[in-house]
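Analysis of the macromolecular model
Residue-level listing of the chains:
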Amino acid sequence: MPVELYRIDDRLIHGQVVVGWGRPLDIGFIVLVDDEVAASEWEQELYRMGVPPEMEVSFHDVAGAAEAHARYRADGRRGILLTGDVDTMRRLVRAVAAADPAGAIRQVNVGGIHHRPGRTQRMRFVFLTPDEERELRALAGDGVQVSAQDVPSGRPVPLDDVLAGRGLD
Amino acid sequence: MSNAIAVVAGHGDFAAGIVSAIDQITGRGELLLPMSNRGLGAADIEAMLRDALAAAPVRVIFTDLPAGSCTIAARRVLRERPDLRLVMGANLPAVIDFVLAGEAAGDDAQAVAHAVERGRLALQEVGGAR
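The following paragraphs examine the structure supplied in this document.

Section: the overall build of chain B
Helix and strand counts for chain B stand at five helices and four strands. Each helix and strand of chain B, ordered N terminal to C terminal, gives the series β-α-β-α-β-α-β-α-α. Its C-alpha atoms give chain B a radius of gyration of 14 Å, near enough to 14 Å, the size a compact globule of 130 residues would have. Projected onto its principal axes, the C-alpha positions of chain B cover 50 × 35 × 25 Å. Classification of the 130 residues of chain B by burial places 42% in the buried group. For chain B, the proportion of contacts with a sequence separation of at least 24, taken over those separated by at least 6, is 68%.

Have a look at this one:
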C-alpha cells in the first residue's frame, strides 16, 4: 500500500495530521522525517504520546527515511510521511529517488508553513521565504506535483497558484 | 497581572468557547486564559503559552487533543516548569470542576484529579434504541 500523503507541516504531528487526515485515510502509520527529532528520544516520546495506539509512529533522519522508504511502501497499512520544512522534503525527495527509484515521490502536500520573519504570506496557512519558494519550484521542476491543502475537505491549491497568491482568495 | 489560575488551549474557538461557557455558568471566566493555535506555527504557540504563564499565576493547562499542537507546546513548557499540570482531552465539565475547586488554592493534585474524573464521568451516551 502506498504512502498516502507526503506532507510538509511545521507543526509535525498534530491534530490535523492525526485526526484530520488520519481518520478519513485510515492511517496505520506516520513517518516523521526530521533530523533533530530523530536524534532525540525526548522529542520522539513527545510526538508519540498523543497518537492513538492503532497508529504507529517512526522517526528518521533523511538518509534513514530514504533507506526505509521501500519498506514503508510495502507495508499493508496506509501511511503519512511528514517533514517540518521545505528543505527536508526536498532532500528527502532526492534521496528517495536515489535509494528507491520505483517509489519516487510524485506528490507533495504543503500542509502548514506558518509565519516567521522573512516569510511572505501565500495562503492562510502558507508563508514562504524566497529560498523556500525556489525549493518548491525546484521540486516541481523535478516532476513532483506540489499543492497546498491543510485538511482533506479543503481544495488542493497548485503550487503556481500558491506562489501567485491566488490561494489567498 | 491577571488572576487566572489555568490556561485553556486548543484548536479554533475551543478555548474561547469553554471560557465563555464557564463565565456564563459560574461567573468565574476570569480565572481562565483562553488560547487558540489558529494560524500559528509550533514556536509561536509555545511562545504564546510562555507569555500567558508569565502574565498570570497559572497552575494548570487544559488542552483539547492529546496529539494537538497546544498539547505538544504545553509538554515542552512543562519540561522546564514541572510544577505545572497538564490535562489533555479536556471538556467543559472537567474545566468547570477545576475552576470551582481550584479557586481555593488548595491541593492542586487533588483538584486536578477530581476534575479529570468529572470530565470522564460526564461523557455518557443515551438513546440508540431500535
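Text resumes after the structure shown.
Some points on the interface of chain A and chain B
Taken together, the contacts link 15 residues of chain A with 14 residues of chain B. Ranked by residues supplied to the side of chain A that touches chain B, first place goes to helix 1 (residues 15-21) of chain A with three residues.

Section: the environment of Ser58(A)
All names here are of chain A. With respect to the element layout, Ser 58 can be found in strand 3 (residues 56-60). In this structure, the C-alpha to C-alpha distance between Ser 58 and Val 108, residues 50 residues apart in sequence, is 19 Å. For Ser 58, the residues in contact, after removing those within four places along its chain, are Phe 29 and Val 31.

Side note on helix 2 (residues 42-55) of chain B
Taking 1.5 Å of rise per residue, the 14 residues of helix 2 of chain B would be expected to cover 20 Å, and the 20 Å separating its terminal C-alpha atoms lies within 8% of that figure. At its buried positions, helix 2 of chain B is contacted by strand 1 (6-10), strand 2 (32-36) and helix 3 (69-80) of chain B.

What about the sheet that holds strand 3 of chain A?
All names here are of chain A. The strand order across the open sheet formed by seven strands is 3-2-4-1-5-8-9, and the pairing between neighbours is mixed. Two strands lie at the open edges of the sheet, namely strand 3 and strand 9 (157-158), each paired on one side alone. Here strand 2 (residues 27-33) pairs with strand 4 (residues 78-83) via six bridges, running parallel. Bridging across to strand 4, Val 33 finds its partner in Thr 83. Along the sheet face, helix 4 (residues 62-74) touches strand 1 (3-9), strand 2, strand 3 and strand 4 and points at about 160 degrees away from the line of strand 2. Set on the sheet, helix 5 (residues 86-99) makes contact with strand 1, strand 2, strand 4 and strand 5 (107-112); between it and strand 4 the angle comes to about 125 degrees.

Some remarks on the sheet that holds strand 4 (residues 85-88) of chain B
In a beta sheet, neighbouring strands pair by backbone hydrogen bonds and run either parallel or antiparallel. All names here are of chain B. Taken together, four strands build an open sheet; the order of strands is 2-1-3-4 and the sheet is parallel. Each edge of the open sheet is held by one strand with a lone partner, namely strand 2 and strand 4. Each adjacent strand pair in this sheet contributes to an overall mean axis angle of 20 degrees, direction not counted. As paired strands, strand 1 and strand 3 (residues 60-63) are joined by four bridges and run parallel to one another. In the strand pairing of strand 3, Ala 9 is matched with Thr 63.

Criteria and thresholds
- Residues numbered from 1 in each chain as written.
- Chains lettered and ligands numbered in written order.
- Predicted model: local features only at pLDDT ≥ 70, side-chain atom pairs only at ≥ 80, totals over all residues.
- Helix = DSSP H or I, 4+ residues; strand = E, 2+ residues; numbered from the N terminus.
- Rg over C-alpha atoms; globule rule 2.2 N^0.38 Å.
- Buried ≥ 20, exposed ≤ 12 C-beta atoms within 10 Å, placed from the backbone.
- Contact = placed C-beta atoms within 7 Å.
- Expected span 1.5 Å × (residues − 1).
- Pairing = 2+ DSSP bridges.
- Axes fitted to C-alpha atoms, helices over the stretch in contact; angles between N-to-C directions.

These values are about where atoms sit, not about what they do.
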